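Each chain, written out:
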Amino acid sequence: MSELTSLAAHPAGSPPKAVHMISDPESGLEGVIVLHSTRRGPAAGGCRFWHYPDIRAATRDAFRLAEGMAYKNAMADLPLGGGKAVLRLPSKPFDRSRLFEAFGREVARLGGSYVTAEDVGTSVADMEDVRSHTDHVAGLSARSGRPGGDPSPWTALGVFLSMEEAVRRKFGSDLRGMTVAVQGLGHVGSHLCRLLDRAGARLVVADMRRDVAEAVAQECHASVVSPDAVLGADCDVFAPCALGAVIDAQSVVRLRARVVCGAANNVLATDADGDRLAERGVLYAPDYVVNSGGIVNVAGEYLGWTQVEVERRVKETGQRLSAVFDLADERKLPPHRAADARARELIGLPPGRVKAA
Ligand code: NAD
């Protein structure tokens, strides 16, 4: 424990409140639950089930992700802290239901200080298995009039409203006639394209799956470019909706957009890349502020809100981004640093070097 806790001293982050190593050799479960903060409420954040070479690598990722969730939840004004579970994908054959039931028992042992949900590598079915041992889980199938199910349409709505705000700030206009390049047309990107098409934006789209790109292009009156070309496409807005770390020291010089606003987590490879965007006059809408619609839906499911309440809160995403831009102007900071500073204040962390979601 002491060696793993020392990982929290990594300069990218602040120390977590608690680290729970979890292991159940019978089911193949091995991983960690990190509670970054519980000051605003239970530490909430999904369960990642992925290939990690060892538990140390999984723990390092969990520290980073738990801190990111604390920032995202605080900036979405949710009564939740930040946490994350990271489980190693077993190298030997395993019974998936048994593994997630064992994980559910571990979540139950934390007595509600951690709330889990889906993340990379986990599904609604996995969360149903977790549910057989604990109530502290969301991301289950939606019941009528209640939040639940696929959070992506909510994420897309929050990104769309944020883009409207960013474009208004940068160009003094709405999205009609703006050219938006969307990278990644999966769950969020495809919904976003529909909203943008309806708003009268011109679309340039790319996906690794060419057939998916063609289908979205046909439905949304878009032109398709290759995945390599989308970042440098001639456009007003670049919307990263695929991978993280797309803006780095090399890619930033290829960017022709004046606004970057998309769903992907960790858009900036480093904080310095956010500074580079600002120096080049590109307005960056911080990822964890604009892509919080999904977690608002998940929170609503856990906290028992109505769908109407979730919608009301997601519709505030543009205003929350506007407040970040105002703070950035006031403190003479680039938006990503203003967002981090505000998130740290909300969580009760001292100002300092931070790593976003
Ligand atoms: P997804 O897996 O459904 O879609 C990702 C798409 O990106 C896929 O169609 C894939 O083929 C494509 N892609 C991958 N690499 C690409 C590349 N180099 N160029 C072009 N296309 C590429 O994922 P999603 O749920 O739509 O999420 C998209 C991003 O938003 C992810 O970074 C995710 O972490 C983030 N996010 C999603 C949600 C949500 O509610 N789903 C919430 C917050 C953040």
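Broken down by element type, the protein carries 13 helices and 12 strands. For the protein, the C-alpha radius of gyration of 20 Å lies close to 21 Å, the compact-globule estimate for 357 residues. Evaluated residue by residue, the protein yields a buried proportion of 56% over its 357 residues. Summarising the internal contacts of the protein: among those between residues at least 6 apart in sequence, 65% fall at separations of at least 24. Each charge class in the protein was averaged separately, 43 positive and 44 negative side chains, and the resulting centres sit 3 Å apart.

It is worth spelling out the site of the ligand at this point. The environment of the ligand is formed by 22 residues, the closest being Thr155, His187, Val188, Asp207 and Arg209. Taking threonine 155, its side chain carries an N or O atom lying 2.7 Å from an oxygen atom of the ligand. Within the side chain of histidine 187, an N or O atom sits 2.6 Å from an oxygen atom of the ligand. Protein burial of the ligand: of its 830 Å² of free accessible surface, 74% is covered by the chains.

As a further point, take the sheet that holds strand β11 (residues 259–260). Taken together, 6 strands build an open sheet; the order of strands is β9-β8-β7-β10-β11-β12 and the sheet is parallel. One side of each edge strand has no neighbouring strand; the edge strands of this open sheet are β9 (222–224) and β12 (283–284). Pairing analysis gives 2 bridges linking strand β10 (residues 237–240) to β11, with the strands arranged parallel. Paired with phenylalanine 238 across the bridge in β11 is valine 260.

Let's shift gears to the pairing of strand β1 (residues 18–24). In terms of strand pairing, β1 meets strand β2 (residues 29–37) through 7 bridges, oriented antiparallel. Considered in β2, the bridge of alanine 18 is made with leucine 35. Linkage of β1 to β2, two consecutive antiparallel strands, is achieved through a turn of 4 residues, within which glycine 28 is found at a positive phi near 95°.

Scored by pLDDT, the protein has a mean of 93; 95% of the residues are at 70 or more. Taken together, the stretch residues 1–12 has pLDDT below 50 and engages in 21 contacts with residues farther than four places along the chain or on a different chain.

A separate point is the side chain of lysine 72. As for its placement among the helices and strands, lysine 72 is situated in helix α2 (residues 55–75). There is a polar contact of 3.0 Å between the side chain of lysine 72 and the side chain of asparagine 291.

Per the counting criterion, the structure on display carries 4 aromatic pairs. On the numbers, 5.8 Å between centres and 85° between planes, the contact of phenylalanine 49 with phenylalanine 94 is edge-to-face. Taken together, the positions of phenylalanine 49 in strand β4 (residues 47–50) and phenylalanine 94 in the loop between β5 (81–88) and α3 (96–109) put the pair 45 residues apart, joining distant regions of the chain. Residue class for phenylalanine 94 comes out partly exposed when judged on its relative accessible area of 29%.

So, about helix α8 (residues 271–279). All of the buried residues in α8 are Asp271, Asp273, Gly274, Asp275 and Leu277. Looking at the buried positions of α8, the neighbouring elements they touch are β12 and α13 (335–347). Positive phi shows up at glycine 281, right after α8, with a value of about 80°.

Right, let's talk about unusual backbone geometry for a bit. Non-glycine residue alanine 245 carries a positive phi angle of around 55°. Relative to the helices and strands, alanine 245 resides in the loop between β10 and β11. Its identity is not glycine, yet lysine 332 carries a phi of approximately 55°, on the positive side. Along the polypeptide, lysine 332 turns up in the loop between α12 (317–331) and α13. Residue classification places lysine 332 among the exposed residues on the basis of a relative accessible area of 74%.

Membership of the largest hydrophobic core comes to 69 residues, with the highest contact counts inside it found for Met163, Leu175, Val180, Val182, Leu192, Leu196 and Leu203. In terms of residue count, helix α5 (residues 152–171) provides more of this core than any other element does, 9 residues in total. Leaving out residues up to four positions away in the same chain, leucine 203 has contacts with Val180, Val182, Cys193, Leu196, Asp197, Cys220, Ala222 and Ser223.

This part takes up the packing of helix α6 (residues 187–198) against helix α7 (residues 210–220). For the pair α6 and α7, the least separation of the axes is 10 Å and the interaxial angle reads 20°. The angle between α6 and α7 places the two elements in the roughly parallel class. For the crossing formed where α6 meets α7, the hand is right-handed. Facing α6, whose interface residues are Ser190, Cys193, Arg194 and Asp197, α7 presents Val216, Glu219 and Cys220. Residues of the contact of α6 with α7, tallied by class, amount to 3 nonpolar, 1 polar and 3 charged.

About the criteria used
- Residues numbered from 1 in each chain as written.
- Predicted model: local features only at pLDDT ≥ 70, side-chain atom pairs only at ≥ 80, totals over all residues.
- Heavy atoms only, no water.
- Helix = DSSP H or I, 4+ residues; strand = E, 2+ residues; numbered from the N terminus.
- Rg over C-alpha atoms; globule rule 2.2 N^0.38 Å.
- Buried < 20%, exposed > 50% of the residue type's maximum accessible area, 1.4 Å probe, protein only.
- Contact = heavy atoms within 4.5 Å.
- Lys, Arg positive; Asp, Glu negative; His and termini not counted.
- Charge placed at Lys NZ, Arg CZ, Asp CG, Glu CD.
- Near = heavy atom within 4 Å.
- Polar contact = N/O pair within 3.5 Å; in protein donor to acceptor, adjacent residues only side chain to side chain.
- Areas by Shrake-Rupley, 256 points an atom, 1.4 Å probe, with all protein chains shown as cover.
- Pairing = 2+ DSSP bridges.
- pLDDT = per-residue confidence, 0-100.
- Phe/Tyr/Trp six-rings, centres within 6.5 Å; stacked < 30°, edge-to-face > 60°.
- Core = buried A, V, L, I, M, F, W, Y, C linked by side-chain atoms within 4.5 Å.
- Axes fitted to C-alpha atoms, helices over the stretch in contact; angles between N-to-C directions.
- Parallel < 35°, antiparallel > 145°, perpendicular 65-115°, else oblique.
- Left-handed = near helix turned anticlockwise from the far one by under 90°.
- Nonpolar A, V, L, I, M, F, W, Y, C, P; charged D, E, K, R; others polar.

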